[in-house]
Amino acid sequence: MTTFPTHVALDVHAPRVKGLPDLDRCLVMSVLNVTPDSFSDGGLFFEPRAAVARGLELLRHGADIIDVGGESTRPGALRVSLEEEMRRVIPVVSELVAAGAIVSIDTMRARVAEAAVNAGARMVNDVSGGLADPLMPTFVAEAGVPYVLMHWRAHSLIMQRRAHYDDVVADVAAELRQRLDAVIDAGVSPEQIVLDPGLGFAKTAEHNWRLLAHLDVLQQLGRPLLIGASRKSFLGELLAGPDGQPRPVRERDVATAAVSALAAAEGAWGVRVHDVRSTLDAVRVAAALRAAR
Ligand code: PMM
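**With respect to helix H4 (residues 136–143)**
1) Next: Taken as a whole, H4 has its buried residues at Met136, Pro137, Phe139 and Val140. The arc that holds every buried residue of H4, seen down its axis, measures 160°, which confines them to one face.
2) Next: Next to the buried residues of H4 lie helix H3 (110–118), strand E4 (123–126), strand E5 (147–150) and helix H5 (168–185).
3) Next: Within two residues after H4, Gly144 carries a phi angle of roughly 70°, on the positive side.

**Some remarks on the sheet that holds strand E6 (residues 193–196)**
To summarise the sheet geometry, strands pair through backbone hydrogen bonds and adopt either a parallel or an antiparallel arrangement.
1) Next: Pairing is parallel in the open sheet, where 8 strands are placed in the order E6-E5-E4-E3-E2-E1-E8-E7. Two strands close off the open sheet at either side, each with one partner strand: E6 and strand E7 (226–227).
2) Next: Summarising the sheet, E5 and E6 pair through 4 bridges and their orientation is parallel. Note on E6: the bridge partner recorded for Val148 is Val194.

**With respect to the site of the ligand**
1) Next: Neighbouring the ligand are 16 residues, the closest being Asp106, Asn125, Asp196, Lys232 and Arg272.
2) Next: Within the side chain of Asp196, a nitrogen or oxygen atom sits 2.7 Å from a nitrogen atom of the ligand.
3) Next: With the chains in place, 96% of the 410 Å² that the ligand exposes on its own is no longer accessible.
4) Next: At a threshold of 2 Å from the grid points, most atoms of the ligand map onto the largest pocket.
5) Next: Mapped onto the shell around the ligand, the elements with two or more residues apiece are strand E1 (27–33) and E5.
6) Next: Tallied by class, the residues present in the shell around the ligand amount to 7 nonpolar, 5 polar and 4 charged.

Definitions and cut-offs
- Residues numbered from 1 in each chain as written.
- Predicted model: local features only at pLDDT ≥ 70, side-chain atom pairs only at ≥ 80, totals over all residues.
- Heavy atoms only, no water.
- Buried < 20%, exposed > 50% of the residue type's maximum accessible area, 1.4 Å probe, protein only.
- Helix = DSSP H or I, 4+ residues; strand = E, 2+ residues; numbered from the N terminus.
- Arc of directions from axis to C-beta.
- Contact = heavy atoms within 4.5 Å.
- Pairing = 2+ DSSP bridges.
- Near = heavy atom within 4 Å.
- Polar contact = N/O pair within 3.5 Å; in protein donor to acceptor, adjacent residues only side chain to side chain.
- Areas by Shrake-Rupley, 256 points an atom, 1.4 Å probe, with all protein chains shown as cover.
- 1 Å grid on protein atoms, 1.4 Å probe; cavity = no way out; pocket = protein on both sides within 12 Å on 5 of 7 lines; lining within 4 Å.
- Sits in = over half its atoms within 2 Å of the grid points.
- Nonpolar A, V, L, I, M, F, W, Y, C, P; charged D, E, K, R; others polar.

That's the geometry; what it means functionally is another story.
In structure tokens, the structure reads:
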């Protein structure tokens, strides 16, 4: 097994995240994209009222955290302005918090993260791992909120050009280690941090499968892992029909739940998914299996 030098104490025994409830199973973070163009649910919940209604439905389905995002990160996506991102997400965050949800804000911008935390969001999910906005680590350090630090190499428009690795598992682990050290140097406490390999972000299907097959290596970084495989194109490719056409996006939830079960059985802290019910069942199966070991 590969190990990495670190100045952060290693704790491979499923360390907990400061500021979030402890569960006896893998946590289910549900996706709520308030965007016109996300690959799976783009446009469906773009109106604030529809987004809030969907959030309440995800809550009824048992989501542990609702991850609200206002900027699509699908390959090739263009950025939205700060003002537009704020307009999309902040009212939705406020309403879901008022309804009792634990809300996470999916943003690369410190100012959006700050406004969302002021509106009651309890967690920041930054797909750029603090690279897109240099103010993000400082904000997270000051706010003291849980922080998802994802592996990322470039903005969505060009990221697939950067999908080259010598050894994807070792390279992603080393790059996550660098970002972990950088945000800790900026004042973020290790107990705030969740790591995410960033499936599909500057990665081919083969890269995603290799990362999923080696979660143990990423766990050596000593922080909990979040896995975002839901409905992504590598699952569509896997399930392609005889004509070679990828399985349509909205018919990938069984495969997503299978990944959730396998990741949870390996000890993942959380999974980020569109369909909460199937994944909740899957992570319960994994928890029973782990408890019986
Ligand atoms: N994937 C997407 C967006 N945000 N956040 C984390 N932490 N991990 C992911 O894998 C991730 C993310 C892209 O897809 P979406 O359309 O499902 O939001």
